[in-house]
Amino acid sequence: MKSREIEIVAYNTSAPIKGSNVSHAERQVIAYLESQDEAWLARVESVDVIVIGRDICPACDKYIQDFKRILAEIRKKHKSPGSKI
């Protein structure tokens, strides 16, 4: 049976850089997802990022939205006629 849901809990790193989102938990999670192969990503139906205690910064919000667009393209590519996952 294939997994239907994955829950990832992440934290900011302890090395923040002023003016950068490199240490933000949201960026860490998306970077992890981006490191997966396309066949794995093609199985992902949605990504919801919930941050507790503060708003998502504009840079992370853009990073998440960009990833969601890339993910949609990957799903479309893998669901085209003749493709197999």
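Residues numbered from 1 in each chain as written. Predicted model: local features only at pLDDT ≥ 70, side-chain atom pairs only at ≥ 80, totals over all residues. Heavy atoms only, no water.

Asks: What's the story with the environment of P16 in this structure? I'm lost.
Replies: Assignment of secondary structure puts P16 in the segment before α1 (25–34). With a relative accessible area of 63%, P16 lands in the exposed category. (Helix = DSSP H or I, 4+ residues; strand = E, 2+ residues; numbered from the N terminus. Buried < 20%, exposed > 50% of the residue type's maximum accessible area, 1.4 Å probe, protein only.)

Asks: What is the right way to read a nonpolar patch on the surface from this model?
Replies: On the surface, I6, I8 and Y32 cluster together into a nonpolar patch covering about 280 Å² of accessible area. Relative to the elements of secondary structure, Y32 occurs in helix α1. (Patch = residues over 30% accessible without salt bridge, like charges linked within 9 Å, V, L, I, M, F, W, Y side chains within 5 Å. Areas by Shrake-Rupley, 256 points an atom, 1.4 Å probe, with all protein chains shown as cover. Salt bridge = Lys/Arg side-chain N within 4 Å of Asp/Glu carboxyl O.)

Asks: Explanation requested: the state of the cysteines in the structure shown.
Replies: Chemically, a disulfide is nothing more than a covalent bond linking the sulfur atoms of two cysteines. Inspection of every chain in the model, using the stated rule, returns zero disulfides. Of the cysteine sulfurs around C57, a residue in no disulfide, the closest is that of C60, at 3.6 Å. The class for C60 is buried, based on a relative accessible area of 0%. (Disulfide = S-S within 2.5 Å.)

Asks: Mind showing me how you'd approach the layout of surface pockets here?
Replies: One way to see where empty space is left: roll a probe the size of a water molecule over the atoms. Computed from the structure, the largest pocket encloses a volume of approximately 1300 Å³. The wall of the largest pocket is formed by 39 residues, among which I6, E7, I8, V47 and D48 lie closest to the centre. Elements with a contribution of two residues or more to the lining of the largest pocket: α1 and α2 (38–42). Classifying every residue of the lining of the largest pocket by side-chain character gives 19 nonpolar, seven polar and 13 charged. (1 Å grid on protein atoms, 1.4 Å probe; cavity = no way out; pocket = protein on both sides within 12 Å on 5 of 7 lines; lining within 4 Å. Points joined across faces, edges and corners; volume = space filled by probe spheres on them. Nonpolar A, V, L, I, M, F, W, Y, C, P; charged D, E, K, R; others polar.)

Asks: Just to check I follow, could you spell out the packing of α1 against helix α3 (residues 58–78) for this structure?
Replies: Each pair of packed helices can be summarised by the angle the axes make with each other and by the distance between the axes. The interhelical angle for the contact between α1 and α3, taken along N-to-C directions, is 20°, at an axis separation of 10 Å. In terms of orientation, α1 and α3 fall into the roughly parallel class. The interaxial crossing formed by α1 with α3 has left-handed handedness. Contacts from E26, R27, I30, A31, L33 and E34 of α1 reach α3 at C60, Y63, I64 and F67. Looking at the contact of α1 with α3 residue by residue, the classes come out as seven nonpolar, no polar and three charged. (Axes fitted to C-alpha atoms, helices over the stretch in contact; angles between N-to-C directions. Parallel < 35°, antiparallel > 145°, perpendicular 65-115°, else oblique. Left-handed = near helix turned anticlockwise from the far one by under 90°. Contact = heavy atoms within 4.5 Å.)

Asks: Teacher, can you tell me more about the environment of I17 here?
Replies: Structurally, I17 can be placed in the segment before α1. Ignoring sequence-local partners within four residues, the contact set of I17 consists of V22 and S23.

Asks: Is there a simple way to explain the nonpolar core in this structure?
Replies: A general tendency of soluble globular proteins is for nonpolar side chains to be buried together. If you look at the biggest cluster of nonpolar residues, it comprises twelve residues: V29, I30, L33, L41, A42, V44, V47, Y63, I64, F67, L71 and I74. Elements with a minimum of two residues in this core: α1, α2 and α3. For this core, the element with the most residues is α3, which contributes five residues. In contact with F67, not counting residues within four places along its chain, are I30, L33, E34, L41 and V47. (Core = buried A, V, L, I, M, F, W, Y, C linked by side-chain atoms within 4.5 Å.)

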